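Here's the letter readout for the chains.
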4 protein chains.
Amino acid sequence: MTAEKKTVAIVGGSGYAGGEFLRLALNHPHLEVTQVTSERSAGLPVGMVHPNLRGATNLKFRKAAQLDEADIVVLALPHNSAAKRLAEFEAKGKVIVDLSADFRLKDPEVYQRVYGEPHPTPEKLGEWVYGNPELHREDLKGATRIACAGCFATSVILALYPLLKLGALAPKDIIATGLVGSSAAGASSSESSHHPERAGSLRVYKPVGHRHTAEAQQELPGNFPLHLTAISTPRVRGILTTIQAWVPDGWSDKDVWSAYREVYGQEPFIRIVKVAKGIHRYPDPMLLDGTNFCDIGFEMDVDTGRVVLMSAIDNLVKGTAGHAIQSLNIAHEWDERAGLEFMGLHPA
Amino acid sequence: MTAEKKTVAIVGGSGYAGGEFLRLALNHPHLEVTQVTSERSAGLPVGMVHPNLRGATNLKFRKAAQLDEADIVVLALPHNSAAKRLAEFEAKGKVIVDLSADFRLKDPEVYQRVYGEPHPTPEKLGEWVYGNPELHREDLKGATRIACAGCFATSVILALYPLLKLGALAPKDIIATGLVGSSAAGASSSESSHHPERAGSLRVYKPVGHRHTAEAQQELPGNFPLHLTAISTPRVRGILTTIQAWVPDGWSDKDVWSAYREVYGQEPFIRIVKVAKGIHRYPDPMLLDGTNFCDIGFEMDVDTGRVVLMSAIDNLVKGTAGHAIQSLNIAHEWDERAGLEFMGLHPA
Amino acid sequence: MTAEKKTVAIVGGSGYAGGEFLRLALNHPHLEVTQVTSERSAGLPVGMVHPNLRGATNLKFRKAAQLDEADIVVLALPHNSAAKRLAEFEAKGKVIVDLSADFRLKDPEVYQRVYGEPHPTPEKLGEWVYGNPELHREDLKGATRIACAGCFATSVILALYPLLKLGALAPKDIIATGLVGSSAAGASSSESSHHPERAGSLRVYKPVGHRHTAEAQQELPGNFPLHLTAISTPRVRGILTTIQAWVPDGWSDKDVWSAYREVYGQEPFIRIVKVAKGIHRYPDPMLLDGTNFCDIGFEMDVDTGRVVLMSAIDNLVKGTAGHAIQSLNIAHEWDERAGLEFMGLHPA
Amino acid sequence: MTAEKKTVAIVGGSGYAGGEFLRLALNHPHLEVTQVTSERSAGLPVGMVHPNLRGATNLKFRKAAQLDEADIVVLALPHNSAAKRLAEFEAKGKVIVDLSADFRLKDPEVYQRVYGEPHPTPEKLGEWVYGNPELHREDLKGATRIACAGCFATSVILALYPLLKLGALAPKDIIATGLVGSSAAGASSSESSHHPERAGSLRVYKPVGHRHTAEAQQELPGNFPLHLTAISTPRVRGILTTIQAWVPDGWSDKDVWSAYREVYGQEPFIRIVKVAKGIHRYPDPMLLDGTNFCDIGFEMDVDTGRVVLMSAIDNLVKGTAGHAIQSLNIAHEWDERAGLEFMGLHPA
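The paragraphs below set out a description of the structure included in this document. Worth saying up front: this structure is predicted, and the values here are computed from it rather than measured.

Conventions and cut-offs
- Residues numbered from 1 in each chain as written.
- Chains lettered and ligands numbered in written order.
- Predicted model: local features only at pLDDT ≥ 70, side-chain atom pairs only at ≥ 80, totals over all residues.
- Heavy atoms only, no water.
- Helix = DSSP H or I, 4+ residues; strand = E, 2+ residues; numbered from the N terminus.
- Buried < 20%, exposed > 50% of the residue type's maximum accessible area, 1.4 Å probe, protein only.
- Contact = heavy atoms within 4.5 Å.
- Areas by Shrake-Rupley, 256 points an atom, 1.4 Å probe, with all protein chains shown as cover.
- Lys, Arg positive; Asp, Glu negative; His and termini not counted.
- Charge placed at Lys NZ, Arg CZ, Asp CG, Glu CD.
- Buried area = accessible area lost by both parts, 1.4 Å probe.
- Salt bridge = Lys/Arg side-chain N within 4 Å of Asp/Glu carboxyl O.
- Polar contact = N/O pair within 3.5 Å; in protein donor to acceptor, adjacent residues only side chain to side chain.
- Nonpolar A, V, L, I, M, F, W, Y, C, P; charged D, E, K, R; others polar.

## Some details on the overall build of chain A
Logical step 1: Across its full length, chain A holds 10 helices and 14 strands.
Logical step 2: Along the first, second and third principal axes, the C-alpha atoms of chain A reach 65 × 45 × 45 Å.
Logical step 3: Out of the 348 residues in chain A, the part that is buried amounts to 67%.
Logical step 4: Contacts spanning at least 24 positions in sequence make up 70% of the contacts within chain A whose residues lie at least 6 apart.
Logical step 5: Per element, the accessible surface of chain A, about 11700 Å² overall, is 47% carbon and sulfur.
Logical step 6: Positive and negative side-chain charges of chain A, numbering 36 and 40 respectively, have mean locations separated by a distance of 4 Å.

Listed below in structure tokens is the structure:
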């Protein structure tokens, strides 16, 4: 069986996204991680940086300069690094998965507006598939360039897509408020991540101007004003997004149900969570740590036509590494659930 | 000095609101708590239920049936209890402060719609002043019936009031998302407050239909659609509310600043928090535990005219007991800050 | 493959221990859960109580009275329930696993002293194997009665066993201090589990007289005074135990290392964690949520011969349900790791 | 009244200890803070660094080189800074309070062994009073050099002092296990304080060799082996210390009670917490944030004569700045409670 596995090299494997990809890949039936790079930790066993992997692998970090060929190269670099060094990585592997924002936006002008500088390889943007299986499953089959979707964008896109696709929303401003865990800011410590400053905090860190707005607008059908506000919470993992939108006159709760069922009925990683009783009535990231699920729920205010959509994900799994694994599974026509079987803990 | 103190009886003093009022009153220069009732804990020292008060007082709980006269009677009962038993309490004290929702709404029809049953004493509603000093300071002077404002309502009202009063908002839907700590649900344990189910949770508990909507609409100037969504967080105390609104064409950041300054310039417990640098740029309930402050901030999206307002309070202080103390201070023309000097902890 | 699976009935499946066994069994290659009982939740889908299992199974709770036969009956009942009803369960399955304390102690007099009443079936105690694979692997092979070890006892036993077995500890008092998450108190809400009372608490809940003392003394070699103090922490899962002991004169750090290596060298679920650098130097339950690992570390005070042992587990996995699965794997001579592959999250 | 206030200069006021002293001093009836230094934040308003103080003061940080005279100079510098620069500060104020460890140990050889380098001004050590009011109240009267006690040392000393003073402990090893919040490591971010690495962690950070051992041994009566193990918890503030000790043959629970009553009967900031019922039976740091209390409790294991002592403090108040204020109150013969009236929050 091992002979048939695809070899994987993870570039930038000491961060949270790379570490999570590594964790998932180590238990994947068709992947074999053969290289993990880290400039800062080169020479160290990966378990020194990702202590959950102690005993699970003998891999050591190497420098990117020592990268050998692999079937799949996974880039877990800071934004605006992968694009600049793309040729270097294209020389090493046929399939490239980028976990950064570098290849998500199709339009180089939008990229420049959002990220503040010209895209280094605009001519390459067309080669990449936006790594969201629910929207691009067909495109992902056989894909060799996968730009993994952003975490907050994923929580927004997956909640809105069926309703916008099926015309279930009125043409009004859509407002998303995202509650995010501290891992979303990455593995490097900073003043804002200092535990005494963060443990009890509810901190609005991006009231306006969130970069994922552009991603969501690119991917979602229709043309509508979309507003995002992001707030950091005491959780480590997870995103809970509530979205305020309006249904057209005459639409009801059932129409929203129908839209989700029609579009997501067969999706292996989407669960519609809307329960009349009990304490777990709506999506809650508490239940999703380590899983690839996106739980989606909603509630309607019948007096006003307002519908509150809710989505929850683990930002590092369905928001990053799990999404990437799912995309690779589709690209290679493996079981889409392979390596993503963990169902989450309760209590957690 | 003691001779001049007003005596206080707290009815329903074993819950969080009553306990917090007691804590504040014990250090208040003009108040002397002489009675605290609790049906369940009658006979016990108050420190058995409120362990922070061990050694601070020798008071014991008594039953409400044993209530003696007092200058001020503070009602900390479940909703819909105070109104039914009002005559009983009016016989005991000249000044009555109600911490519940029973006397907040002026219109008995609105009350019935929101709370699901007719108001027991609709003829009395006109006697009560809505206990929000920032809006009703003049009415509070000499007041003998004070209906303490709701916690989530307070966070919404204080953020919006100056802008609505001065016409700084466009006539569009206003959307408030409130993040609330677990103490807001009270002192009784339940399945939903069970620590393993709650500690890591981000739980949308009221996506639509929050009862405080009516309170906020009553108090705020103008006629506009207001929508509230409430989410419980792992914090114990505190509310952070973000509000999405829109400024009229041509209005800028400076106009919002001006509105807050004009209306709140002299307010002792409102701070405008909007800092360009550092990690404490906006209001954060982390900094407000135990304080009577309402911190307010905002940020504008210049492309769309959207303004994101943010307000933070301690739900048990500025949201309940501190608000009541401040109202009492005004009613008696004492120093408005009396008993409310605690400035909060950092780190916390 | 399904044909070869052993059928499993879980009795008392709405609590945390039963729910965790169910989670692990659903992904186990040789187990098929066919029945789950709950008196309170009979008729409901298991996902209503264990929301992490939504979509993972169509099982519904039934009442225990409706129990059918199964290859393996897993008892997840409150203490002192399983023993009283043993005949009822023996009629249903050949292999019985009890997750409670009922069959752990061999000596009925010790049982009576610790649990305050006579054991209902003392004549049966000899049939049960104490479900700790590291100590009783040989006994577990083919076992049909498995009394799953207690969670705090497991953290104490696994840290001390090699040193006591090999005479690496001086005959002095041994003192264990256990930090425990809130899930250890079970799924029922109570005043002490109320989130506002528990979220920030460090609560000594059992300074002396912990019932697991007897279990640990039964299982550990030698005769020595063992003292346990248990403290609840804001975590949901996990136990961190520090143990204060003394090495004999002339013994060093290396001797402790040797003892662990000799006894645990081949153990699949024990990791010795003692790292000179970095932030993850010793065992930490943060890394173990959902895993079956017991991480063990130590540090020596060379001036005094004191050695501080540390062990960390997930109380619901290595402390309960995972331990049971591992025991079943051994009993049936399956791969000891089957169903227990999850390696834990970082960050978490 | 202001004319009679003592002026205070805080040197190193951007850290947590200095910030906490500032908070307490701003509300103190006899203190007026006129200067706060910070090399890094010179020029900034103190509210930029300590956001709880926004609006409470107009003070700005200055550099230490700009220090003017003051009645009281409070040194909140890293260890081993104050001693080296002592002459500089002695020139500025008559009364000096040092919050660091520099002047706590009387014996320069012990200092060198513990802190790894010779003391810079050993000849000065005799001038300093160890700033623990419960042990040194008489010495503190009129004192002009106060070396504020260490936080973990304080929790150990206050729990043990009465028992050792009155011979209530048997001559056996005493073992203290301290659970500490993240603020104890200071205001600077680091890899170990990174929120995702710390939020869920129970991390043994000092199993042996804690520096406060020497402090406790210096201050406590008698000669006995004392062992400390320190564990960091997810709390921000607070220390809970459990201490394992043994009473002499024939001593009982009542003797321990008597010892505490005899020694601490009149102490304003010590509360003996040992309650038979309810959920707040023993000391818990949850209740002490912001307060100057040290809560002490105990429980005895009658079979073995083991007594488990428990103490809880806020490490930044009774463990640092509050202790210093209390010492200053005594030194100046002010009301010992002045500025320390805050009684703590519940829930918290």
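## Quick notes on the interface of chain C and chain D
Logical step 1: In this assembly, 44 residues from chain C lie in contact with 44 residues from chain D.
Logical step 2: Carbon and sulfur atoms supply 65% of the area that chain C and chain D bury against each other, a total of about 3800 Å² over both sides.
Logical step 3: Considering only the side of chain C, the residues that lose the most area to chain D are Leu 202, Val 208 and Ile 279 of chain C, jointly responsible for 18% of the buried surface there.
Logical step 4: Taken together, chain C and chain D are joined by 2 salt bridges.
Logical step 5: Here Lys 172 of chain C makes a salt bridge to Asp 173 of chain D, at a shortest N to O gap of 2.8 Å.
Logical step 6: Where chain C packs against chain D, one counts 20 residue pairs in polar contact (both at pLDDT 80 or more).
Logical step 7: Counting residues per element, the ones that place at least two in the side of chain C that touches chain D are strand 8 (174–180), helix 7 (195–198), strand 9 (203–206), strand 10 (226–232), strand 11 (239–246), strand 13 (294–301) and strand 14 (306–313) of chain C.

## With respect to the pattern of salt bridges
Logical step 1: Counting across every chain of the model gives 76 salt bridges over all chains.
Logical step 2: Asp 253 of chain B serves as the salt-bridge partner of Lys 274 of chain B, at 3.8 Å between the closest nitrogen and oxygen. With a gap of 21 residues between them, Lys 274 of chain B in the loop between strand 12 (270–272) and strand 13 (294–301) and Asp 253 of chain B in helix 9 (residues 253–264) connect regions that are remote in the sequence.
Logical step 3: Owing to a relative accessible area of 25%, Asp 253 of chain B belongs among the partly exposed residues under this scheme.
Logical step 4: When the shortest N-O distance is used, the salt bridge between Glu 138 of chain C and Lys 141 of chain C registers 3.0 Å.
Logical step 5: Given a relative accessible area of 56%, Glu 138 of chain C falls into the exposed group.

## A closer look at the interface of chain B and chain A
Logical step 1: Each partner contributes residues to the interface: chain B has 44 residues there, and chain A has 44 residues.
Logical step 2: Each partner contributes to the roughly 3900 Å² buried at the junction of chain B and chain A, and carbon and sulfur atoms together form 65% of this total.
Logical step 3: For the pair chain B and chain A, the number of links is 2 salt bridges.
Logical step 4: Counting residues per element, the ones that place at least two in the side of chain B that touches chain A are strand 8 (174–180), helix 7 (195–198), strand 9 (203–206), strand 10 (226–232), strand 11 (239–246), strand 13 and strand 14 (306–313) of chain B.
Logical step 5: Residue classes in the side of chain B that touches chain A are distributed as 21 nonpolar, 13 polar and 10 charged.

## Some details on the environment of Asp 289 of chain B
Logical step 1: Its location among the elements puts Asp 289 of chain B in the loop between strand 12 and strand 13.
Logical step 2: Once the C-alpha coordinates of Asp 289 of chain B and Ser 192 of chain B are considered, the two residues, 97 residues apart in sequence, prove to be 23 Å apart.
Logical step 3: Here Asp 289 of chain B is in contact with Arg 235, Arg 237, Asp 314, Phe 342 and Gly 344 of chain B together with Leu 345 of chain D, once residues within four sequence places are set aside.
Logical step 4: A polar contact is formed between the side chain of Asp 289 of chain B and the side chain of Arg 235 of chain B, at a distance of 2.8 Å.

The quantities given are spatial measurements derived from coordinates; they are silent on function.
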